[in-house]
Amino acid sequence: MSWGTELWDQFDNLEKHTQWGIDVLEKYIKFVKERTEIELSYAKQLRNLSKKYQPKKNSKEEEEYRYTSTRAFLATLNEMNDYAGQHEVISENMTSLITGELTRYVQELKQERKSHFHDGRKAQQHIETCWKQLEASKRRFERDCKEADRAQQYFEKMDADINVTKADVEKARQQAQLRHQMAEDSKAEYSSTLQKFNSEQHDHYYTHIPNIFQKIQEMEERRIVRIGESMKTFAEVDRQVIPIIGKCLDEITKAAESIDHKNDSQLVIEAFKSGFEPPGDIDFEDFTQPMKRTVSESSLSNSRGDGKSEPKFGGKSKGKLWPFIKKNKPPPPPPASASPSAVPNGPQSPKQQKEPLSHRFNEFMTSKPKIHCFRSLKRGLSLKLGAGPEDFSNLPPEQRRKKLQQKVDELNKDIQKEMDQRDALTKMKDVYVKNPQMGDAASVDHRLAELGQNIEKLRLEVQKFEGWLAEVEGRLPMRTEQARRQSGLYEAQNTSAVNSCAQDRESPDGSYTEEQSQETEMKVPATDFDDEFDDEEPLPTIGTCKALYTFEGQNEGTISVAEGEMLYVIEEDKGDGWTRIRRNEDEEGYVPTSYVEVYLDKNAKDVYKSLQKISE
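Okay, so let's go over this structure.

## Here's the deal with the sheet that holds strand β5 (residues 578-582)
What the 5 strands build is an open sheet, ordered β6-β5-β4-β3-β7; its pairing is antiparallel. What marks the edges here is a single partner per strand, and that holds for β6 (588-592) and β7 (596-600). Strand-to-strand, the axes of this sheet are offset by a mean angle of 40°, without reference to chain direction.

Shown next, in the form of structure tokens:
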């Protein structure tokens, strides 16, 4: 089948059909381009989804990923990221192998089509010109024949008329002969033109047009083959990434199969195990007999560790019974304007136990062991405000052991880093000694001395924490009443430190007692006490603040902050335009109040002001 022979008269329809074929090709290119955009968008959304659920660094979420289930989820997120990458590969391959190639091919196809139909129109114009020439020759031959007939008839008429002169007859005869000659010439010309036209027409419909249409047919067939190949490539691009996507899915399945519920349950035990023993039986206390009630060794009252009797308030234990039993929160601290009222010495009734904190402060100031009370108060306030002690004594034994072990490991890593730096500097110094032109060996002595001091400090810290760790590990196997009492002590550390101080000074019969060490501490001058109190522990935080602008603290007592940085407030503005803040345990100082936005903790602020007022 050939378009040149079968469709010799369908030039216009072929022109429309080939244009439709190009439109189809462009439509397919547009389809593939939109598919690549969808793949890119899908990959981007998958990446954003994976990133959204990734654990944040230095956050509580990061600690949760020690469980096998959360680790499997993290592996799923990572595999989804790789999964998204494969969709990006699909988009890239389709763009380069299909969209780009077909776009260039469409431009070439349009040029080729234009050339072929230009040749076809040129051939049509030529045959139309030949046809017009034939028609003109035919009309001229027809006209000359009619003129020759009229001239012949006129000659015959003149020859038959006797009244016409001989000269007129001769003239008519010559005119008839001339017309006949012209008719013969037109006939010969018409015959020649007709033969030429027939030859041109034969060549047009049997040679030129079939060749042109054949080229157009080949062009259209190449277009059809090319779009078929592109569709195969479209499928092949997807098929190439299927094995990798299958591996991603296999890894997700493998991660799911790695989940170990027993292991996760054991991790929960390790994370929250306190190391305390369950409470023993509570002894029956007979109130019908007029005798002093004693505290059973198996009771869960918050007793002192030195074996002193526990004070009783209305027949109820002040201590925390057990971590699972909800305790009453301490009363809110008084406002800064409140003045403490006097509280009489002696046993406290349940009503007196709920008196405002200002009454407690007044009682401390009127009692002898101020130093002990202030230390206890400050320790309790630090725990209340989230600043735990250095030895983690506020934690249960098992948790304390883990924290101490982590601290020891961190310090050992720091020591190793310092030692590596020292070794590197020592080698550098040796090089300088051997080759003085490379540098001054004395220039590294100062740094080596600093590193030596740092290593010595870190080793002392390690010894300190290892001592605490050994103490905790030695206590863990002990299953005594003292360990059970420590459980109540751990839970009661967030209560008011004043109650703990007052409890230490109460005896079972309600009277106050002091220890010999407290008597000695009471004799310390006020200045020594203040210094000891200030140097022992840092000031508690009373809120947070956000730096509105960057401040370069160049003067003594100031601290540099960056815009947007979050810090702790330890002393608010006293009217001089400066606020005291803290970044960590070692960095604190003053910044202009106008440079920060302060968010004060109401309870912490009131307690802090009460402490300042009492110390004054």
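After that view, the rundown keeps rolling.
## Quick look at a nonpolar patch on the surface
Judged by side-chain polarity, L49, Y53 and F73 come together as a nonpolar surface patch covering roughly 280 Å² of accessible area. Of the residues examined, L49 reaches a relative accessible area of 43% and is grouped as partly exposed.

## Regarding the side chain of E418
Looking at the secondary structure, you find E418 in helix α10 (residues 397-434). Despite being buried, E418 has no salt bridge partner; R447 is the closest side chain of opposite charge, sitting 4.8 Å away.

## Details of the nonpolar core
Ranked by internal contacts, the top residues of the largest apolar core, which has 31 residues, are L25, Y28, M94, I98, F213 and I216. Looking at this core, the elements that each hand over two or more residues are α2 (11-52), α4 (68-160) and α5 (166-257). If sequence neighbours within four positions are ignored, Y28 has contacts with I98, L102, I227, S230, M231 and F234.

## Side note on the side chain of R35
Here R35 lies in helix α2. Discounting chain neighbours no more than four positions away, the residues touching R35 are I90, M94, F234 and D238.

## Digging into the packing of α2 against α5
Their axes nearest at 11 Å, the elements α2 and α5 cross at an angle of 15°. Here α2 is positioned roughly parallel relative to α5, judged by the angle of their axes. Of the two elements, α2 crosses α5, and the hand of that crossing is left-handed. Its residues assigned to classes, the contact of α2 with α5 shows 15 nonpolar, 4 polar and 4 charged.

Calculation rules
Each chain carries its own residue numbering, running from 1 in the direction its sequence is written. The predicted nature of this model means local features are confined to residues of pLDDT at least 70 and side-chain atom pairs, given and counted, to a pLDDT of 80 or more, with totals for whole chains, interfaces and linings taken over all residues. Where side-chain values are given, they derive from all heavy atoms of the structure, hydrogens and water being excluded. Strands qualify as paired when DSSP identifies two bridges or more between them. Strands here are runs of E lasting at least two residues and helices are runs of H or I lasting at least four, both read from the DSSP assignment and numbered beginning at the N terminus. The axes are straight lines fitted to the C-alpha atoms, using for helices just the contacting stretch, and the angles between their N-to-C directions are given from 0 to 180°. Each patch is built from residues that are more than 30% exposed by relative accessible area and take part in no salt bridge. Like charges join if they lie within 9 Å; nonpolar side chains (Val, Leu, Ile, Met, Phe, Trp, Tyr) join within 5 Å. All accessible areas in this document rest on Shrake-Rupley with a 1.4 Å probe, and a residue is counted as covered only by the protein chains that are shown. We define a salt bridge as a contact between a side-chain nitrogen of Lys or Arg and a carboxyl oxygen of Asp or Glu at a distance within 4 Å. The cut-offs for exposure are 20% and 50% of the maximum accessible area for each residue type, with area from a 1.4 Å probe on protein chains only; residues under the lower value are buried, those over the upper are exposed, and the others partly exposed. Charge convention: Lys and Arg are scored as positive, Asp and Glu as negative, and His as well as the terminal groups of each chain are ignored. As used in this record, nonpolar core signifies buried Ala, Val, Leu, Ile, Met, Phe, Trp, Tyr and Cys residues forming a set joined through side-chain atoms within 4.5 Å. In this description, contact between two residues means that some pair of their heavy atoms is separated by no more than 4.5 Å. When an angle is under 35 degrees it counts as roughly parallel; over 145 it counts as roughly antiparallel; between 65 and 115 it counts as roughly perpendicular; any other value is oblique. Crossing handedness follows the turn of the near helix against the far one: under a right angle anticlockwise gives a left-handed crossing, and clockwise gives a right-handed one. Residue polarity follows a fixed list, in which Ala, Val, Leu, Ile, Met, Phe, Trp, Tyr, Cys and Pro are nonpolar, Asp, Glu, Lys and Arg are charged, and the others, Gly among them, are polar.

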